[in-house]
Amino acid sequence: MKDKRLLRINTCILVVTGVLSLSALLLDIELIGVSGVAIGGLLAFIYFLFLSIFISKAFSGGGEEGIEPKEAGRLGLKLLLLTFGLTITTIIVILTELCQPFGFLIGFSALFGSIAFEIMASLLLSKPQDETENENLGKA
């Protein structure tokens, strides 16, 4: 996986999961539970890690015409199995009462929070389009 943004999102998921787990531990609310937050965050991390690996591999070999149909079918099957596996794991974790559902949702939300944080950071830290175009024209 070569994309630094995906690596930052994966790292951010782990950091946010740690912060949320620590907050759940300090607050000690029975409906949330530390284990639920930690399990939800770790499943979000695993899901996004595999998703980013699959997508990076798929588009690294694609040419101008895109992905070959055979390779696209394999990618679709891998993504389907990944999503199906995550769904089954989530159902098992919640039905076996390994964790509280609210805690799991809070932990899994680390995925969405990390993506939102990366989007905001890239928007705030990127150069405006006009400045980039002017610099490119000046070099030519």
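For clarity, every value in this text was computed on a predicted model and none was experimentally measured.

Rules used in this analysis
Residues numbered from 1 in each chain as written. Predicted model: local features only at pLDDT ≥ 70, side-chain atom pairs only at ≥ 80, totals over all residues. Heavy atoms only, no water. Core = buried A, V, L, I, M, F, W, Y, C linked by side-chain atoms within 4.5 Å. Buried < 20%, exposed > 50% of the residue type's maximum accessible area, 1.4 Å probe, protein only. Helix = DSSP H or I, 4+ residues; strand = E, 2+ residues; numbered from the N terminus. Contact = heavy atoms within 4.5 Å. Patch = residues over 30% accessible without salt bridge, like charges linked within 9 Å, V, L, I, M, F, W, Y side chains within 5 Å. Areas by Shrake-Rupley, 256 points an atom, 1.4 Å probe, with all protein chains shown as cover. Salt bridge = Lys/Arg side-chain N within 4 Å of Asp/Glu carboxyl O. Phe/Tyr/Trp six-rings, centres within 6.5 Å; stacked < 30°, edge-to-face > 60°. Axes fitted to C-alpha atoms, helices over the stretch in contact; angles between N-to-C directions. Parallel < 35°, antiparallel > 145°, perpendicular 65-115°, else oblique. Left-handed = near helix turned anticlockwise from the far one by under 90°. Nonpolar A, V, L, I, M, F, W, Y, C, P; charged D, E, K, R; others polar. Expected span 1.5 Å × (residues − 1).

Enquirer: Give a description of the nonpolar core that names residues and reports values.
Expert: Within the largest apolar cluster, 19 residues are counted, with the highest numbers of intra-cluster contacts made by Ile 13, Ala 44, Phe 48, Leu 86, Phe 104, Phe 108 and Leu 111. Of all the secondary-structure elements, those providing two or more residues to this core are α1 (4-27), α2 (34-60), α3 (69-95) and α4 (101-125). It is α2 that provides the largest number of residues to this core, a total of 7 residues. Beyond its immediate sequence surroundings of up to four residues, Leu 86 is in contact with Leu 43, Tyr 47 and Phe 108.

Enquirer: Now, about a nonpolar patch on the surface: what can you tell me, with residues and values included?
Expert: On the surface, Leu 27, Ile 29, Leu 31, Phe 102 and Leu 105 cluster together into a nonpolar patch covering about 540 Å² of accessible area. Within the secondary structure layout, Leu 27 lies in helix α1.

Enquirer: Talk me through the pattern of salt bridges; I want residue IDs and the actual numbers.
Expert: All told, the structure shown has 1 salt bridge when counted by the stated rule. With a closest N to O distance of 2.8 Å, Arg 8 and Glu 118 form a salt bridge. Remark: Glu 118 occurs in helix α4 and Arg 8 occurs in helix α1; sequence separation between them is 110 residues. In this structure Arg 8 comes out as partly exposed when scored by relative accessible area, which is 44%.

Enquirer: So what about the packing of aromatic side chains? Which residues, and what values?
Expert: Tallying each qualifying case throughout the model produces 3 aromatic pairs. When the centroid spacing of 6.0 Å and the interplanar angle of 15 degrees are considered together, the rings of Phe 104 and Phe 108 count as stacked. A residue pair is termed a helical-turn pair when its members lie 3 or 4 positions apart in one helix, as Phe 104 and Phe 108 do in helix α4 at 4 residues. A single burial state applies to Phe 104 and to Phe 108, both of which are buried.

Enquirer: Hey, could you go over the packing of α1 against α4 for me, with residue numbers and the actual values?
Expert: It is the contact of α1 with α4, at a shortest axis distance of 8 Å, that shows an interaxial angle of 135 degrees. With respect to each other, α1 and α4 are oriented oblique. Crossing handedness for the pair α1 and α4: right-handed. The segment α1 lies against α4, with Arg 5, Arg 8, Ile 9, Cys 12, Ile 13, Val 16, Thr 17 and Leu 20 engaging Ile 106, Gly 107, Ser 109, Ala 110, Leu 111, Ser 114, Ile 115, Phe 117 and Glu 118. Taken together, the residues that form the contact of α1 with α4 break down as 10 nonpolar, 4 polar and 3 charged.

Enquirer: Got a sec to walk through unusual backbone geometry? Specific residues and values, please.
Expert: Phi at Glu 97 takes a positive value of approximately 55 degrees, unusual for a residue other than glycine. Turning to its location among the elements, Glu 97 is positioned in the loop between α3 and α4.

Enquirer: Give me the lowdown on the packing of α1 against α2, citing residues and values where you can.
Expert: Packing of α1 against α2 brings their axes to within 8 Å, and their N-to-C directions diverge by 175 degrees. As summarised for this structure, α1 and α2 are arranged roughly antiparallel, according to the angle between their axes. Residues Leu 6, Ile 9, Asn 10, Ile 13, Leu 14, Thr 17, Leu 20, Ser 21, Ala 24 and Leu 25 of α1 pack against Val 34, Val 37, Ala 38, Gly 41, Leu 42, Ala 44, Phe 45, Phe 48, Leu 49, Ser 52 and Ser 56 of α2.

Enquirer: Break down α3 for me, citing the residues and quoting the values.
Expert: Its 27 residues give α3 an end-to-end C-alpha distance of 38 Å, which sits within 8% of 39 Å, the value for a rise of 1.5 Å per residue. Within α3, the full set of buried residues consists of Leu 75, Leu 82, Leu 86, Thr 90 and Val 93. Glu 97, located one to two residues past α3, shows a positive phi value of around 55 degrees.

The quantities given are spatial measurements derived from coordinates; they are silent on function.
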